[in-house]
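Residue-level structural notes
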Amino acid sequence: AKEPARVLVTGAAGQIGYALVPMIARGIMLGLDQPVILHMLDIPPAAEALNGVKMELIDAAFPLLKGIVATTDPVEACSGVNIAVMVGGFPRKEGMERKDVMSKNVSIYKSQASALEQHAAPNCKVLLVANPANTNALILKEFAPSIPEKNITCLTRLDHNRALGQISERLQVPVSDVKNVIIWGNHSSSQYPDVYHASVVTGAGEKAVRQLVADDAWLDGEFITTVQQRGAAIIKARKLSSALSAASSACDHIRDWVLGTPKGTWVSMGVYSDGSYDVPPGIIYSYPVTCENGSWSIVQGLPINEFSRKKLDATANELVEEKALAYSCLI
Ligand code: NAX
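Computed from a predicted model, the values in this text were never measured in an experiment. (Residues numbered from 1 in each chain as written. Predicted model: local features only at pLDDT ≥ 70, side-chain atom pairs only at ≥ 80, totals over all residues. Heavy atoms only, no water.)

Each helix and strand counted, the chain has 12 helices and 14 strands in total. Here the chain has a C-alpha radius of gyration of 19 Å; the compact-globule value for 331 residues is 20 Å, and the two agree. The principal-axis extents of the C-alpha atoms in the chain amount to approximately 55 × 50 × 40 Å. A burial count over the chain gives 52% of its 331 residues as buried. When contacts within the chain are restricted to residue pairs at least 6 apart in sequence, long-range pairs at least 24 apart make up 71% of them. Counting only carbon and sulfur atoms, one obtains 54% of the accessible surface of the chain, whose full area is about 14700 Å². Across the chain, the centroid of the 30 positively charged side chains sits 2 Å from that of the 33 negatively charged ones. (Helix = DSSP H or I, 4+ residues; strand = E, 2+ residues; numbered from the N terminus. Rg over C-alpha atoms; globule rule 2.2 N^0.38 Å. Buried < 20%, exposed > 50% of the residue type's maximum accessible area, 1.4 Å probe, protein only. Contact = heavy atoms within 4.5 Å. Areas by Shrake-Rupley, 256 points an atom, 1.4 Å probe, with all protein chains shown as cover. Lys, Arg positive; Asp, Glu negative; His and termini not counted. Charge placed at Lys NZ, Arg CZ, Asp CG, Glu CD.)

Take a look at the structure:
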């Protein structure tokens, strides 16, 4: 039998945490043959709720769940973890300035970076979910210099899955037959959901999404804005932000990263930019990636037309600005 993997979820008493921890305990993230020990971190005001989540995990009697650490101490939470899913953060409240929210999250991710760097297992893989996800991941990277930069990523898989979902609905094909959409850039409304390289698997081979949809106005307009604004649409409908889809996508992100992407398929991940596709290096930017043997590589050589170029640049510019804002909070 495999040794249990230790998986940290921060913000575990929150809504995404509540949806995510049972998925992990059921083997959806790391596989049905992989035992897990869940580490759950939250802040003292949420300690009682966190304990309630722990009680429910015990009550669910998950066969793969070999242990639970529920704590408000970041050092205890980070000790020996192989995977860290960072969901805890400071939400933007009405009337708050962008800089104030940034400043709170910068200080959270600065200190959690140190806890991870000092106490996580070597080669721990980190997924930042809390917003601003890309920039929080960048701060974590900066303050955890001994964690390889390839191990620090942020979640844009939810946006990727939303794009697959919109194409599936439009073409009335199963979502599992749609592949190779791309989310470029920031997990914000400046992101660019790109279907120029996407296809649908049919009985007669793969067909280009653009050809099948055959409606450029929709693809270049409403499709893009629907994916960009989907988070807001969920809040409007549910009076709460996305949780089950966010949790499920976080599992997809880690599963594909650890176990590999299927041949011929890529996924979107926010990763440290090396300048690929003329994106400025030194920001966490969402790219198309394939994964093998526990590591990702950016898909290279996709042609980028003028329409896409502008959108790749606009979302990169926003990330460069966010980075400057985050750094101004450090002084
Ligand atoms: P909730 O407010 O329900 O939960 C957040 C939890 O984090 C709370 O229990 C809170 O006590 C805890 N927390 C706060 N500061 C902490 C700290 N320093 N250490 C540990 N825990 C801390 O929010 P929820 O709906 O679960 O969303 C969590 C985060 O995910 C938010 O930042 C949200 O914006 C972000 N999202 C990111 C998405 C993505 O695709 N990247 C999509 C979904 C989601 O909106």
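Glancing now at the nonpolar core. The biggest cluster of nonpolar side chains holds 72 residues, and the ones touching the most others in it are Leu20, Met29, Tyr285 and Tyr287. In terms of residues, this core owes the most to one element, helix α1 (residues 15-25), which gives seven residues. When residues no more than four places from it in sequence are discounted, the contact partners of methionine 29 are Val7, Leu20, Met23, Ile24, Val85, Ala250, Cys251, Ile254 and Arg255. Formed by 32 residues, the second largest nonpolar core is a distinct cluster that contains Leu41, Val81, Ala137 and Tyr272. (Core = buried A, V, L, I, M, F, W, Y, C linked by side-chain atoms within 4.5 Å.)

Looking now at the pattern of salt bridges. Applying the stated criterion across every chain yields a total of 12 salt bridges. Glutamate 142 is the partner of lysine 141 in a salt bridge, and the nearest nitrogen-oxygen pair spans 3.4 Å. Note on lysine 141: relative accessible area 14%, which makes it buried. We classify glutamate 142 as partly exposed; its relative accessible area is 30%. The shortest N-O distance in the salt bridge between aspartate 256 and arginine 255 comes to 3.2 Å. (Salt bridge = Lys/Arg side-chain N within 4 Å of Asp/Glu carboxyl O.)

The next thing to look at is the confidence of the model for the chain. Averaged over every residue, the pLDDT of the chain is 97; the share at 70 or more is 100%. Of the two predicted TM-score estimates for the complex, the pTM is 0.98 and the ipTM is 0.99. (pLDDT = per-residue confidence, 0-100.)

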